Amino acid sequence: MAVGLKQFTNRGHDGQPALDSENGEELMHVQPGVSIVLGHRNRAPESPGTLYLSTKRVVWLSDADIAKGYAVDFLSITLHALSRDPESYPSPCIYAQIETEADEDDSECSDSECNEPLDLSLVGEMRLIPSDPRQLEILFEIFCEGAELNPEPITEDGGNNPAFSTDLFTESSEGEDFDGDLSQNPATSIGHSNGDHDLARSVLELQINDQRFEDAEEMEHGSDGGHSELFPFLS
Amino acid sequence: MGLSFYIYERSKLGGVIGGGLQLFFSYFKDLVGREVTVELKNDLAIRGTLHSVDQYLNIKLENTRVVDQDKYPHMLSVRNCFIRGSVVRYVQLPPEAVDIELLHDATRREARGG
């Protein structure tokens, strides 16, 4: 599955984005008068366009240039936020982080460099600025809806399948610490620190420095020998 | 430094035990209104008031702020934030919100398959 931001120029005859209706993609919301800032916050906003929120993705199409448009799947949007604090960004906007395949830490961008062409696949941030800030709330809610409509594809395998750790590392956008080899070696990954695949141990990790916990321990004593399996720190 | 409590990433829970997700979903629902810190797999840590959580452990926070403000100055504060469940590495809970008894029981039930 391709992640990240993509060029989108596939407009239908009505000027709206051509959606994948065969696979059930439907338009949820259209918001005219939206500027977009891709990547670093110092980049200049691109000329007003129209935002299309479908059941699968976010599409922004330039009003002036029909060759210009971007799309990102909800699956690739890590988080989105309603930004109204002028210190965060001068204009109220929807801020979104986008998962990228590469290490996206390309944030070194001085004012002079910020207008160079972007490699879209490396864009890790996006700001959508509606000309009418009153639209922010509804946009935020529709983004939430879109995310909920697009959960991670479920892996049917249970048990000791490494799918989850692969999942963990391929979705991680940081390239420095994690390279692909780690997914081949679950013993070094998070949750496998001692190479123990015991499910219960990997579910919970408690760092205890609280006397309330001692109370719980006493209450648990003798009640059920099984708990020490679940909570090895009790034994 | 009190008790810090981490719940492992949703993708692992979902992938391994399926129904285990339900356990944490129920647990998080009880934490609505509390202050939590959500650490993402890209190392960003966001603190805020838990507004809601859904079955995929997507998390909505209010009055958020980034924990490491030097590293993420542009995200100093946003009012509402929606975090995709699959990118959550840890959720750090306030110590007073951790009901050990309840978690013991629920986890034990889950491990026994019912």
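Here the structure is a predicted model, which means the values were calculated and not measured. (Residues numbered from 1 in each chain as written. Chains lettered and ligands numbered in written order. Predicted model: local features only at pLDDT ≥ 70, side-chain atom pairs only at ≥ 80, totals over all residues.)

Engineer: Please explain the overall build of chain A as it appears in this structure.
Structural biologist: Within chain A, the secondary structure is distributed over five helices and nine strands. Element order for chain A, N to C, with α for helix and β for strand: β-β-β-β-β-β-β-β-α-α-α-β-α-α. Expressed as a percentage of the 235 residues in chain A, the buried residues total 32%. Of the contacts formed within chain A by residues at least 6 apart in sequence, a portion of 57% connects residues at least 24 apart. (Helix = DSSP H or I, 4+ residues; strand = E, 2+ residues; numbered from the N terminus. Buried ≥ 20, exposed ≤ 12 C-beta atoms within 10 Å, placed from the backbone. Contact = placed C-beta atoms within 7 Å.)

Engineer: Where do I start with the overall build of chain B in this structure?
Structural biologist: Helix and strand counts for chain B come out as three helices and six strands. Ordered by position from the N terminus, the helices and strands of chain B form the series β-α-α-β-β-β-β-β-α. Put simply, of all contacts in chain B between residues at least 6 apart along the chain, 51% involve residues at least 24 apart.

Engineer: Looking at this structure, how should I read the nonpolar core?
Structural biologist: Inside soluble globular proteins, nonpolar side chains tend to come together where they are buried. Ile-94 of chain A together with Val-38 and Ile-83 of chain B are the most contacted members of the largest nonpolar core, which totals 62 residues. In contact with Ile-94 of chain A, other than residues within four places in its own chain, are His-80, Leu-82, Arg-127, Leu-128, Leu-136, Leu-139, Phe-140 and Phe-143 of chain A. (Core = buried A, V, L, I, M, F, W, Y, C linked by C-beta atoms within 7 Å.)

Engineer: What is the right way to read the pairing of strand β2 (residues 27-38) of chain A from this model?
Structural biologist: Looking along a regular strand, one sees the side chains alternate between the two faces of the sheet. The pairing of β2 of chain A with strand β3 (residues 46-54) of chain A spans seven bridges and is classified as antiparallel. By the bridge assignment for β3 of chain A, Leu-27 of chain A is matched with Ser-54 of chain A. (Pairing = 2+ DSSP bridges.)

Engineer: Can you walk me through the confidence of the model for chain A in this structure?
Structural biologist: Residues and elements named next belong to chain A. Mean pLDDT over chain A works out to 73, with 58% of the residues at or above the 70 mark. Note on residues 157-210: pLDDT under 50 across the span, and 80 contacts to partners over four residues away in sequence or across chains. Counted against residues more than four places away or in other chains, residues 216-235, with its pLDDT under 50, gives 20 contacts. (pLDDT = per-residue confidence, 0-100.)

Engineer: Would you mind going over helix α1 (residues 136-149) of chain A with me for this structure?
Structural biologist: The periodicity of an α-helix, 3.6 residues per turn, causes residues three or four places apart in sequence to face the same way. All names here are of chain A. For α1, which comprises 14 residues, the first-to-last C-alpha distance of 20 Å matches the rise-based estimate of 20 Å (1.5 Å per residue) to within 8%. Inspection of α1 places Leu-136, Leu-139, Phe-140, Phe-143, Gly-146 and Ala-147 among the buried residues, and these make up the whole buried set. Along the axis of α1, the buried positions cluster into a sector of 120°, meaning they face one direction only. In α1, those exposed residues whose orientation departs by more than 90 degrees from the buried face are Glu-137 and Ile-138. (Expected span 1.5 Å × (residues − 1). Arc of directions from axis to C-beta.)

Engineer: Looking at this structure, I do not really get helix α3 (residues 100-111) of chain B. What am I missing?
Structural biologist: All names here are of chain B. The end-to-end C-alpha separation of α3 is 16 Å, in line with the 16 Å expected for twelve residues at 1.5 Å each. Along α3, the positions that sit buried rather than exposed are Ile-100, Leu-103, His-104, Thr-107 and Glu-110. Projection of α3 onto a plane perpendicular to its axis shows the buried side chains occupying an angular sector of 140°, all on one side. Counted as exposed and oriented over 90 degrees from the buried face of α3: Glu-101, Leu-102 and Arg-109.

Engineer: Help me out: how do you make sense of the environment of Gln-92 of chain B in this one?
Structural biologist: All names here are of chain B. On the secondary structure map, Gln-92 appears in strand β6 (residues 88-92). On the basis of neighbour counts, which here come to 18 C-beta atoms within 10 Å, the residue Gln-92 falls in the partly exposed class. Considering only alpha carbons, one finds Gln-92 and Glu-39, 53 residues apart in sequence, at a separation of 7.8 Å.

Engineer: Sorry, what's going on with the confidence of the model for chain B here?
Structural biologist: Parts of the model with low pLDDT should not have their predicted coordinates read in detail. All names here are of chain B. Per-residue confidence for chain B averages 77 on the pLDDT scale, and 75% of its residues sit at or above 70. Within chain B, the lowest mean pLDDT, 40, falls on helix α1 (residues 10-17), and the highest, 94, falls on strand β3 (residues 45-53). With pLDDT under 50 throughout, residues 1-5 is counted as low confidence; its partners more than four residues away or in other chains account for 16 contacts. Our summary of model confidence lists the complex with pTM equal to 0.68 and ipTM equal to 0.75.

Engineer: Would you take a moment to explain the pairing of strand β4 (residues 57-62) of chain A for this structure?
Structural biologist: Residue and element names in this part refer to chain A. Among the six residues that make up β4, five are buried, leaving the element largely enclosed by the rest of the structure. The pairing of β3 with β4 spans five bridges and is antiparallel. In the sheet register, Leu-51 faces β4, and the bridge partner there is Trp-60. Between β3 and β4, which pair antiparallel one after the other, the connecting turn spans two residues.

Engineer: Can you help me understand the environment of Glu-46 of chain A in this one?
Structural biologist: Note on placement: Glu-46 of chain A falls in strand β3. Between the alpha carbons of Glu-46 of chain A and Lys-68 of chain A there is a distance of 10.0 Å; along the sequence they are 22 residues apart.

Engineer: How should unusual backbone geometry be read in this particular structure?
Structural biologist: When glycine is set aside, most residues are seen to have a negative phi, and most peptide bonds are trans. Residue and element names in this part refer to chain B. Located in the positive-phi region is Asp-43, a residue other than glycine, with phi close to 80°. Positionally, Asp-43 belongs in the loop between β2 (35-40) and β3. Here the phi dihedral of Asn-63 falls at roughly 50°; this positive angle occurs in a residue that is not glycine. As for its position among the elements, Asn-63 is in strand β4 (residues 59-66). Judged by the 14 C-beta atoms lying within 10 Å of it, Asn-63 falls in the partly exposed class.

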